[in-house]
Amino acid sequence: MGVEGGMKCVKYLMFFFNFIFWLCGIALIALGIWVQIELKNTLTMTSSTSTTAVPIVILSVGVIVFFISFLGCCGAAKENYCMVTTFAVLLTLIFLVEIAAAITGYIYKDKVQTVIKNEIEEEMNHYNQTYVKKALDGLQKKFSCCGINRYSDWFNITDIKPLKVPASCCINATDCTKNPTPENTFEEGCVKKIEDWLRKHIVIVAAVALGIAFFELLGIIFACCLMKGIRSGYEVM
């Protein structure tokens, strides 16, 4: 015996919002790929840092959301109590994990600067390696920056001697490599520039996360209502 009346409405609402939730999963997967590409183009990840975990976490959540929402759609369409219950439990667990992840991210947000600083310093010390040189030059050109905190950070790097700074530190292709000055060199360091970039783009991640959390709550509520309706139907039988 299927659910009737108001429960029918709940069934279709749950199916609809799970479809939206499914699209959110796809959006998370795309977001994770975008973050991975941007981080790869920004830092070469020569050392093992917590930064590398960010796109992996986003991608993992996206894949999980994708499959759970599919489970919810099937459960709603078939009015299957077991599937709907499994969906509600898994969705609640994901919601709790996301809250824990948000709290952890807020607690450790001040460590981001240290991670970026250590990564750039590691890259500067290995500048003679071709792939590191290419990545770091691209980073300094992209963000119009030089060194960790300022261009003088390069003065003690042996891998670029007899030059004082790489050509990527020079403004408007001016040759400043042997005689860098504030007039011909990007004076600001890359750590601050990358931090500013992260703060600007974290809004995108936060907006997507809030949207998904909203649909998760709706999914949990509708699943609980549908579970009650299906169980009532069984009891009537």
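Residues numbered from 1 in each chain as written. Predicted model: local features only at pLDDT ≥ 70, side-chain atom pairs only at ≥ 80, totals over all residues. Heavy atoms only, no water.

Observations regarding the state of the cysteines
Using the criterion set out here, one finds 3 disulfides in the structure. For Cys 145, the disulfide goes to Cys 190, at an S-S distance of 2.0 Å. Disulfide Cys 145-Cys 190: the torsion about the S-S bond is 90°, which places it as right-handed. Within this pair, whereas Cys 145 is found in the loop between helix 5 (130–143) and helix 6 (190–236), its partner Cys 190 is found in helix 6, the two being separated by 45 residues in sequence. The partner cysteine of Cys 170 in its disulfide is Cys 176, sulfur to sulfur 2.1 Å. Between Cys 170 and Cys 176 the sulfur-sulfur dihedral comes to about -100°; the bridge is accordingly left-handed. By the burial criterion, Cys 170 is buried, and Cys 176 matches it. (Disulfide = S-S within 2.5 Å. Helix = DSSP H or I, 4+ residues; strand = E, 2+ residues; numbered from the N terminus. Buried < 20%, exposed > 50% of the residue type's maximum accessible area, 1.4 Å probe, protein only.)

Concerning a nonpolar patch on the surface
On the surface, Val 89, Leu 90, Leu 93, Leu 96, Ile 99, Ile 103 and Ile 107 cluster together to form a nonpolar patch covering roughly 610 Å² of accessible area. With respect to the helices, strands and loops of the structure, Ile 107 is situated in helix 3 (residues 81–107). (Patch = residues over 30% accessible without salt bridge, like charges linked within 9 Å, V, L, I, M, F, W, Y side chains within 5 Å. Areas by Shrake-Rupley, 256 points an atom, 1.4 Å probe, with all protein chains shown as cover. Salt bridge = Lys/Arg side-chain N within 4 Å of Asp/Glu carboxyl O.)

Examining helix 4 (residues 112–125)
Its 14 residues give helix 4 an end-to-end C-alpha distance of 20 Å, which sits within 8% of 20 Å, the value for a rise of 1.5 Å per residue. Within helix 4, the full set of buried residues consists of Val 115, Ile 116, Glu 119, Ile 120, Glu 123 and Met 124. Down the axis of helix 4, the buried side of the element spans an arc of 165°, and every buried residue falls inside it. (Expected span 1.5 Å × (residues − 1). Arc of directions from axis to C-beta.)

With respect to the nonpolar core
Counting residues in hydrophobic clusters, the biggest one holds 29 residues, and the most contacted among them are Met 14, Phe 21, Val 84, Phe 215 and Leu 226. Core analysis: the second largest hydrophobic core is formed by 23 residues, Tyr 151, Ile 157, Val 165 and Cys 190 among them. (Core = buried A, V, L, I, M, F, W, Y, C linked by side-chain atoms within 4.5 Å.)

Concerning the packing of aromatic side chains
Counted by the stated rule, this structure contains 6 aromatic pairs. On the basis of an interplanar angle of 75° and a centroid distance of 5.1 Å, the ring pair of Tyr 127 and Trp 154 is categorised as edge-to-face. A residue pair is termed long-range when its members are at least 10 positions apart, and Tyr 127 in the loop between helix 4 and helix 5 and Trp 154 in the loop between helix 5 and helix 6 qualify at 27 residues. For Trp 154, a relative accessible area of 0% gives the class buried. With 6.0 Å between their ring centres and 65° between their planes, Tyr 151 and Phe 155 make a pair best called edge-to-face. Residue class for Tyr 151 comes out buried when judged on its relative accessible area of 7%. Since its relative accessible area comes to 31%, Phe 155 is described here as partly exposed. (Phe/Tyr/Trp six-rings, centres within 6.5 Å; stacked < 30°, edge-to-face > 60°.)

Some words on the environment of Ile 33
Within the fold, Ile 33 resides in helix 1 (residues 6–42). With 26 residues separating them in the primary sequence, Ile 33 and Leu 59 have C-alpha atoms 7.1 Å apart.

Things to note about the side chain of Glu 195
Take Glu 195: it is sitting in helix 6. Overall, Glu 195 belongs to the buried group, its relative accessible area being 14%.

Some words on helix 5
Here helix 5 contains 14 residues, and its C-alpha end-to-end distance of 20 Å stays within 8% of the 20 Å for a straight helix at 1.5 Å per residue. Among all positions of helix 5, only Val 132, Ala 135, Leu 136, Asp 137, Leu 139, Gln 140 and Phe 143 are buried. Looking one or two places after helix 5, you find Ser 144, whose phi comes out positive at around 50°.

Structural notes on unusual backbone geometry
That bond from Lys 161 to Pro 162 is cis: its omega, 15°, falls within 30 degrees of zero. Examined against the element boundaries, Pro 162 turns out to sit in the loop between helix 5 and helix 6. One non-glycine residue, Ser 144, lies in positive phi territory at about 50°. For Ser 144, a relative accessible area of 31% corresponds to the partly exposed category.

Things to note about the environment of Ala 27
Structurally, Ala 27 can be placed in helix 1. On the accessibility criterion, Ala 27 (36% relative accessible area) is partly exposed. Along the chain, Ala 27 and Gly 62 lie 35 residues apart, while their C-alpha atoms are 7.4 Å from each other.

A few points about the confidence of the model for the chain
Per-chain confidence: the chain averages 78 in pLDDT, with 84% of residues scoring 70 or above. Mean pLDDT values over the elements of the chain span from 75, in helix 1, up to 88, in helix 5. Contacts for the low-pLDDT stretch residues 45–49, under 50 throughout, to residues beyond four places or in other chains number 13 contacts. (pLDDT = per-residue confidence, 0-100. Contact = heavy atoms within 4.5 Å.)

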